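Overview (structure and organization)
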Amino acid sequence: MDDALSAEAEMVHDRPGRLREFWFYFRENRGAVIGLWIFAVFAFLALFGPWIAPHDATAQFRAATLQPPVWQDGGTWSHILGTDPLGRDMLSRLIVGARYSFFVGIVVVSIAASGGIIVGLISGFAPKWLDSIIMRIMDIILAFPSLLLALVLVAILGPSLTNAMIAIAIVLQPHYVRLTRASVLSERQKDYVTSARVVGAGTLRLMVVTVLPNCLAPIIVQAALSFSTAILDAAALGFLGMGAQPPTPEWGTMLAEAREFILRAWWVVTFPGLAILVTVLAINLMGDGLRDALDPKLKRS
Amino acid sequence: MLKYVLSRLATFIPTFIGVTLISFAFIRVLPGDPIVVMAGERGITEERYAQLEQQFGFDRPIYVQFWDYFTGVLQGDLGNSFVTKRPVWDEFFSLFPATLELSVCAMIFAVALGLPAGVIAAVNRGKFFDRALMSTALVGYSMPIFWWALLLIIVFSGNLGWTPVSGRIDLLYYFPNATGFMLIDSIASGQDGAFVSALRHLLLPTIVLGTIPLAVIARQTRSAMLEVLGEDYIRTARAKGMSPGRINGIHALRNALIPVITVIGLSVGTLLAGAILTETIFSWPGIGKWMVDSIFRRDYPVVQGGLLLIAVMVMVVNLTVDMLYGIINPKIRKR
């Protein structure tokens, strides 16, 4: 009897920490782990790209314009993925370009998520009239198709990568507001919040210390998903000439520059888009894994 | 039910006013003076500038200008385009059928492939088919569609020469566009090959625009089906000895369709955003291309009016979906 009790106590003591439990579930999803590895490579390239790239991303090799990749006739090992119409090395441009997409994702998600969480928390705790006003404003932003709104915003602010990031962050932010508000509203009614209030916690403490940590799971998943949306939208804006400006080796901008050569040189079009696709896919795989690992409803199902 | 409809309508009106305000305000802060842009390269005398300023009402206080714009909007007057001088309203609705035709075809493509894919994946949960279909769907969901369009052009137009690269129909054919829908007009014209030409022009843009909705629908159908398949009444049907085809196809799919229909309704915004890229790449003369061109031309009234009309359209569709959903699913009304 005693033994059984102490064994049980031991087990309770051994309950894995949150992070370990999360990793346990995350690891079960093979796609998510693959996504994580690809993302790690992507992040590594983003940080150290210019030192890894075989050539300078903007150096023009005038003798070798539109040179095909190494496995095709006329390709050489010095330009493994070929060169673009100005003779710049494709591989180097792709590697250096990783940092722009990575940067876009980080900045956009940070702005959109922090802004959205703050507004959502306020909305969830505010009196009804303020809550209504905030939610109507979010409805207004959501009524415009995101890419169109971003496009017009960039046209107003002037085409550049920074302005594209600001525009995308504004467009994505309402999703965080709605998500945060919804979780706050459902958490607020629970007993632990009432007891915290009875003990004398102020509204600010209730918001940030008591409620917020319990609302984070869906927000983290949303962060992963909007990381990929941000990369896609920034590339689309670059493609339309409203994002990063040439000669920046941003992937979307590279595609825009390559458009007129699509029937003559498939590689200048194929590789930048493939880079976008693989990155976005990896992040979405990770997002799916995060959702499965963080959502208690789906666990063990 | 009436209370639900009224409360939804009550949120519609302030949102509508806000959307009008935003599209109005955007143009007021766009860089560049509209009148200077209109005058073009030749420049403009100060006298003429003052005259135009008065004509457009730019010299009056901003709230008066907004009030004029707002009352104009309610009467269907969105101003005239700087470039073509035609009313924005007329331009929008002469181009709209092209976008509608493309969007409807894209949606049909997405539903026709997405629904069966989702059902097959759910029924074969965890098996090969499920994994293969869902991996493909995730790739489609992650697709940069502007690149996807270029790839399809390389393969189908460049290498195989099957499809044209741009436009809605070969220049060879000419007929008045009675309905604005090329597929219908080309049949009505009775010219040999016109319909086939229109169809071939439509093929690649449809695939490009339909790809993301296709992936979303497949994923949504699968998860909705899985949820329904776990319900008790399905087990009952199975226990009664009903054939799996009948259970999956009729009992389960019918209830799984409710969330799927919502997703279809709510993807209007996604379609319009996709139309911006798709139409630009394929030179498709619809709303998306018109908006992008106008933004580059700094045609303020068009950007303003187009933004507003598109937003209102999205809002109306969302409202309709919400109401339909409220009718189908009584649980929602209570909120």
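Note that the structure is a prediction, hence the values are computed from the model and not measured. (Residues numbered from 1 in each chain as written. Chains lettered and ligands numbered in written order. Predicted model: local features only at pLDDT ≥ 70, side-chain atom pairs only at ≥ 80, totals over all residues. Heavy atoms only, no water.)

Regarding unusual backbone geometry
Put simply, the rule is: A 1.4 Å probe rolled over the protein chains alone gives each residue an accessible area, and that area as a share of the maximum for its type sets the label: buried under 20%, exposed over 50%, partly exposed in between.
Positive phi, close to 65°, is recorded for Lys85 of chain B, a residue that is not glycine. With relative accessibility at 51%, the residue Lys85 of chain B sits in the exposed group.

Quick look at the packing of helix α9 (residues 194–229) of chain B against helix α11 (residues 244–266) of chain B
Residue and element names in this part refer to chain B. Put simply, the rule reads: Angles here are taken between N-to-C directions and fall from 0 to 180 degrees, while the axes themselves are lines fitted to C-alpha atoms, restricted in helices to the stretch in contact. Counting from the N terminus, the helices are the DSSP runs of H or I reaching at least four residues and the strands are the DSSP runs of E reaching at least two. Angle categories: roughly parallel below 35 degrees, roughly antiparallel above 145, roughly perpendicular from 65 to 115, and oblique for all the rest. Less than a right angle of anticlockwise turn of the near helix away from the far helix marks a crossing as left-handed, whereas a clockwise turn marks it as right-handed. Any pair of residues with heavy atoms lying within 4.5 Å of one another is described as a contacting pair. Classes in brief: Ala, Val, Leu, Ile, Met, Phe, Trp, Tyr, Cys and Pro nonpolar; Asp, Glu, Lys and Arg charged; the others, Gly included, polar.
Where α9 contacts α11, the two axes come as close as 8 Å, and the packing angle between them is 135°. Overall, the two elements α9 and α11 adopt an arrangement that is oblique. Crossing geometry of α9 relative to α11 is assigned as right-handed. Contacts between α9 and α11 involve Val216, Ile217, Gln220, Thr221, Ala224, Met225, Val228 and Leu229 from the first element and Asn248, Ala252, Leu253, Asn255, Ala256, Pro259, Val260, Val263 and Ile264 from the second. Its residues assigned to classes, the contact of α9 with α11 shows 13 nonpolar, four polar and no charged.

Considering the UniProt feature "transmembrane region" (unreviewed entry) in chain B
Residues and elements named next belong to chain B. Counted only if it meets this: UniProt positions are given in the numbering used here, feature names are shortened, and annotations may be inferred rather than shown by experiment.
Here the UniProt feature "transmembrane region" (unreviewed entry) sits at residues 12–30, 100–123, 135–156, 198–218, 256–282 and 302–328. Helix and strand shares over residues 135–156 are 86% and 0% respectively, and the end C-alpha atoms of the span are 24 Å apart. Taken as a whole, residues 256–282 contains 93% helix and 0% strand, while its terminal C-alpha atoms sit 35 Å from one another.

What about the packing of aromatic side chains?
Residue and element names in this part refer to chain B. The following threshold applies: Only rings of Phe, Tyr and Trp enter the pairing, Trp through its six-membered ring, and a pair is recorded when the two centres are within 6.5 Å. The plane angle decides the type: under 30 degrees is stacked, over 60 is edge-to-face, the rest tilted. A ring is scored as having a charge over it whenever the NZ atom of a lysine or the CZ atom of an arginine sits within 6 Å of its centre and within 35 degrees of its normal.
Enumeration over the complete set of coordinates arrives at 22 aromatic pairs over all chains. Here Phe128 and Phe129 contribute two aromatic rings whose centre-to-centre distance is 6.2 Å and whose plane-to-plane angle is 55°, an arrangement assigned as tilted. One aromatic cluster is present, built from ring pairs that chain together Phe16, Phe24, Phe66, Trp67, Tyr69 and Phe70. Above the plane of the ring of Tyr141 lies Arg219, whose end atom (NZ or CZ) is 5.1 Å from the centre.

A few points about the nonpolar core
Which entries qualify depends on this criterion: Remark: nonpolar core denotes a set of buried residues (Ala, Val, Leu, Ile, Met, Phe, Trp, Tyr, Cys) joined through side-chain atoms within 4.5 Å.
Leu237, Val268 and Val269 of chain A together with Phe146 of chain B are the most contacted members of the largest nonpolar core, which totals 139 residues. At 18 residues, helix α9 (residues 203–239) of chain A tops the list of elements feeding residues into this core. Discounting chain neighbours no more than four positions away, the residues touching Phe146 of chain B are Leu232, Ala235, Ala236, Phe239, Leu255 and Ile276 of chain A together with Leu277 and Ile281 of chain B. With 33 residues, the next largest nonpolar core counts Met107, Ala194, Leu209 and Ala256 of chain B among its residues.

What to know about helix α6 (residues 146–157) of chain A
Three- or four-residue spacings in an α-helix give side chains the same orientation, since the helix completes a turn every 3.6 residues. Residues and elements named next belong to chain A. Note the cut-off: To estimate the expected span of a helix, count its residues, drop one, and scale the result by 1.5 Å.
Here α6 contains 12 residues, and its C-alpha end-to-end distance of 16 Å stays within 8% of the 16 Å for a straight helix at 1.5 Å per residue. Among the 12 residues of α6, 10 are classified as buried, and the element is accordingly described as predominantly covered. Buried residues of α6: Leu147, Leu148, Leu149, Ala150, Leu151, Val152, Leu153, Val154, Ala155 and Ile156, and no others. Two residues or fewer past α6, Gly158 is found with a positive phi of approximately 105°.

A few points about the UniProt feature "domain: ABC transmembrane type-1" (unreviewed entry) in chain B
Mapped onto this structure's residue numbering, the UniProt feature "domain: ABC transmembrane type-1" (unreviewed entry) falls at residues 96–325 of chain B. Secondary structure across residues 96–325 of chain B comprises 80% helix and 0% strand; the distance between its end C-alpha atoms is 27 Å.

What to know about the interface of chain B and chain A
The condition is simple: What counts as buried area is the accessible surface, traced by a 1.4 Å probe, that two parts surrender upon association, with contributions from both included. Salt bridge criterion: a side-chain nitrogen from Lys or Arg within 4 Å of a carboxyl oxygen from Asp or Glu.
Each partner contributes residues to the interface: chain B has 43 residues there, and chain A has 38 residues. Summing both partners gives a buried area of about 3700 Å² for chain B against chain A, and 83% of it is carried by carbon and sulfur. Seen at the junction of chain B and chain A, the total is one salt bridge. Residue Arg219 of chain B pairs with Asp288 of chain A through a salt bridge whose shortest N-O separation is 3.4 Å. Contributions of two or more residues to the side of chain B that touches chain A are made by α1 (2–29), α6 (128–141), α7 (145–159), α12 (268–281), α13 (287–297) and α14 (300–328) of chain B.

Quick look at the UniProt feature "transmembrane region" (unreviewed entry) in chain A
All names here are of chain A. The UniProt feature table records "transmembrane region" (unreviewed entry) at residues 32–53, 100–126, 147–172, 192–212, 224–245 and 265–287. Spanning residues 192–212, this segment combines 86% helix with 0% strand, and its end C-alpha atoms are found 13 Å apart. Overall, residues 265–287 shows 96% helix and 0% strand. The separation of its end C-alpha atoms is 35 Å.

Details of the pattern of salt bridges
Residues and elements named next belong to chain A. A complete count under the given rule lists 12 salt bridges over all chains for this structure. Of the charged contacts in the structure, one is a salt bridge between Arg291 and Asp288, with a shortest N-O distance of 3.7 Å. With a gap of three residues between them, Arg291 and Asp288 both fall in helix α11 (residues 266–294), about one helical turn apart. Of the residues examined, Arg291 reaches a relative accessible area of 34% and is grouped as partly exposed. Residue Asp288 is classed as buried on the basis of its relative accessible area of 15%.

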